[in-house]
Amino acid sequence: MAASAELRDLLAGSPLDVAPRLLGAVVRHGEVAVRLTEVEAYAGADDPGSHAYRSRTPRNEVMFGPAGHLYTYFSYGMHVCANVVTGLPGTASAVLLRAGEIVEGHDVARSRRGSSTERDLARGPARLCQALGITLEHGGVDLLAGPVLLELDEPTAAGAVSTGPRVGLRGAPDRPWRFWITGESTVSAYRPAKRLTPPNQPR
DNA sequence: AGGGTGATTAGG
DNA sequence: CTAATCACCCTC
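From a predicted model like this one, the values you see are computed outputs, not experimental measurements.

> Help me understand the overall build of chain A in this model?
Within chain A one finds 4 helices and 8 strands. In chain A, the succession of α and β elements from N to C terminus is α-α-β-β-β-β-β-α-α-β-β-β. A compact globule built from 203 residues would reach a C-alpha radius of gyration of about 17 Å, and chain A, at 16 Å, matches this within 12%. Counting over 203 residues, chain A shows a buried share of 48%. Looking at chain A alone, contacts between residues at least 24 apart form 61% of all its contacts between residues at least 6 apart. A total of about 10,300 Å² of accessible surface is found on chain A, and carbon and sulfur atoms cover 54% of it. Here chain A contributes 22 positive and 21 negative side-chain charges, whose respective centroids are spaced 12 Å apart.

Structure representation (structure tokens):
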């Protein structure tokens, strides 16, 4: 419909524009819905922090496709993280869903997350996927068709959005491409990227 | 503060 | 084939 076409067009924009626009949006999977409070932009071939920086591979294939699909990846031997693909086909840009607040399906989310405080249910990219029940099988699904759905809300006021460096990256730690809703308690704790070599002269 | 965990990737 | 790396989470 018209609304879907508008959303698709919006997602086809630059990840730097799409990322803040996704704040406040709802991701829904079955009974569980999460309101996004924190995201990060990844700009494909131009971005040393992106999975698509070096080359097109089986893993990052989905990112090269049309906007609005889900890019999932398996991380650190046990976690799943999810991105919304943005930009035009071939650009391989995406927005990582870093954290959110459970707005529906608390019971289901809690049972998936084991022992967790309410605040930590979807605080962090892997926790968010776990709470929503997103697995690697959802890689490539169209967020406008389901079973995982994206429901956009009104834009979050620019004044309510904070930006800063992305979390946990070795490449391009200087780009302030992390966006979150100012003052939200569900935003993940900032962890600076690990250094490859410790500083020579701590002072 | 440290470890678990296994896919993915580049390189020989 | 090998070894290094990794957009993380949990427990100590």
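Right, picking up where we left off after that structure.
> I keep staring at the pattern of salt bridges and nothing clicks. Help me out?
Going through the model one piece at a time under the given rule, you end up with 12 salt bridges. Residue Glu118 is joined to Arg110 by a salt bridge in which the shortest nitrogen-to-oxygen separation is 3.0 Å. On the basis of relative accessible area, Arg110 is assigned to the partly exposed category, the value being 35%. A salt bridge links Arg123 to Asp120, with the shortest nitrogen-to-oxygen separation between them at 3.4 Å. Arg123 sits in the buried class, given a relative accessible area of 15%.

Conventions adopted
- Residues numbered from 1 in each chain as written.
- Chains lettered and ligands numbered in written order.
- Predicted model: local features only at pLDDT ≥ 70, side-chain atom pairs only at ≥ 80, totals over all residues.
- Heavy atoms only, no water.
- Helix = DSSP H or I, 4+ residues; strand = E, 2+ residues; numbered from the N terminus.
- Rg over C-alpha atoms; globule rule 2.2 N^0.38 Å.
- Buried < 20%, exposed > 50% of the residue type's maximum accessible area, 1.4 Å probe, protein only.
- Contact = heavy atoms within 4.5 Å.
- Areas by Shrake-Rupley, 256 points an atom, 1.4 Å probe, with all protein chains shown as cover.
- Lys, Arg positive; Asp, Glu negative; His and termini not counted.
- Charge placed at Lys NZ, Arg CZ, Asp CG, Glu CD.
- Salt bridge = Lys/Arg side-chain N within 4 Å of Asp/Glu carboxyl O.

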